[in-house]
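Notes for the structure review
Letter by letter, the chains look like this.
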Amino acid sequence: KEKYVAKFTGDLLVEPKLDGLRLVFVWEGRDKWSFFSRSGKNDRYNDNLKHIAANLVGAMHICGWRKGIIDGEVMGETWNSTLAVKRKELTAQDLEEIARCRFHAFDHLTGPDDVRPQHERRATLNAICGHIESNYADSKVTLVPQTRVKSLEEARALFNVFLTQGYEGAI
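Fair warning: this is a prediction, and the values are worked out from it, not measured in the lab.

1. Structural notes on the environment of Ile-98
Here Ile-98 lies in helix 5 (residues 92-100). Classification of Ile-98 by relative accessible area gives buried; the value is 4%. Along the chain, Ile-98 and His-51 lie 47 residues apart, while their C-alpha atoms are 9.7 Å from each other.

2. Brief notes about the packing of aromatic side chains
Any two aromatic rings considered together are summarised by their centre-to-centre distance and by the angle between their planes. Overall, the coordinates contain 5 aromatic pairs when judged by the stated rule. Ring plane angle 55° and centroid distance 5.0 Å describe the contact between Phe-25 and Phe-35, whose orientation is recorded as tilted. Of the two residues, Phe-25 sits in strand 3 (residues 21-29) while Phe-35 sits in strand 4 (residues 32-37), which places them 10 residues apart along the sequence. Judged on exposure class, the residue Phe-25 and its partner Phe-35 are both buried. Taken together through their ring pairs, the aromatic side chains of Phe-25, Trp-33, Phe-35 and Phe-103 make up a single cluster.

3. Remarks on unusual backbone geometry
Notably, Arg-30 is not glycine yet its phi reads approximately 45°, a positive angle. Relative to the helices and strands, Arg-30 resides in the loop between strand 3 and strand 4.

4. With respect to the packing of helix 3 (residues 50-62) against helix 6 (residues 118-135)
The interhelical angle for the contact between helix 3 and helix 6, taken along N-to-C directions, is 115°, at an axis separation of 9 Å. The interaxial crossing formed by helix 3 with helix 6 has right-handed handedness. On the side of helix 3, the interface is formed by Asn-55, Leu-56, Ala-59, Met-60 and Ile-62, while helix 6 contributes Ile-128, His-131 and Ile-132. Partitioning the contact of helix 3 with helix 6 into residue classes produces 6 nonpolar, 2 polar and no charged.

5. A look at helix 5
Those residues of helix 5 lying buried are Asp-94, Glu-97 and Ile-98. Down the axis of helix 5, the buried side of the element spans an arc of 100°, and every buried residue falls inside it. Those residues of helix 5 that are exposed and angled more than 90 degrees off the buried face are Ala-92 and Gln-93. Those residues of helix 5 that are buried are in contact with helix 2 (45-48), helix 3 and helix 4 (79-83).

Here is what the cut-offs are and how they apply
Residues numbered from 1 in each chain as written. Predicted model: local features only at pLDDT ≥ 70, side-chain atom pairs only at ≥ 80, totals over all residues. Heavy atoms only, no water. Helix = DSSP H or I, 4+ residues; strand = E, 2+ residues; numbered from the N terminus. Buried < 20%, exposed > 50% of the residue type's maximum accessible area, 1.4 Å probe, protein only. Phe/Tyr/Trp six-rings, centres within 6.5 Å; stacked < 30°, edge-to-face > 60°. Axes fitted to C-alpha atoms, helices over the stretch in contact; angles between N-to-C directions. Left-handed = near helix turned anticlockwise from the far one by under 90°. Contact = heavy atoms within 4.5 Å. Nonpolar A, V, L, I, M, F, W, Y, C, P; charged D, E, K, R; others polar. Arc of directions from axis to C-beta.

Spatial relationships are all this shows, so hold off on functional conclusions.
Structure follows, in structure tokens:
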């Protein structure tokens, strides 16, 4: 919303807006983890996204964390394949679609009251996603790109670029 953006001075961080299911990955340590929707439901995510959780837990552990939260969005190749991660009764096609779904990560928190500035959280997320990319050949975790812009005009230009790339817009 331009009326809010216009109030900011200095640089802005702009990300593509994804069209998937917003999920929060919560790792409480060791093998205690869960995916939750923004409304707090975990539907079938924990059963259907174990392969993604394994990448996240492994990388967070290697990067020195013993617990943490990754905010992101899961997306399949189509909206229907994205919704497969919520299904209880899975067909063979659902399983194939779930295996191709990606978790697009855009923030890391140490807990619900993490007060680190955004650039520190982003550095942590860069390390976690970098480890996953380097060490898991078939990783389904993607770091959502951020671009620093100096003006609303630059943000608008990125919005248009993101639209042509198939995203919903910009955040």
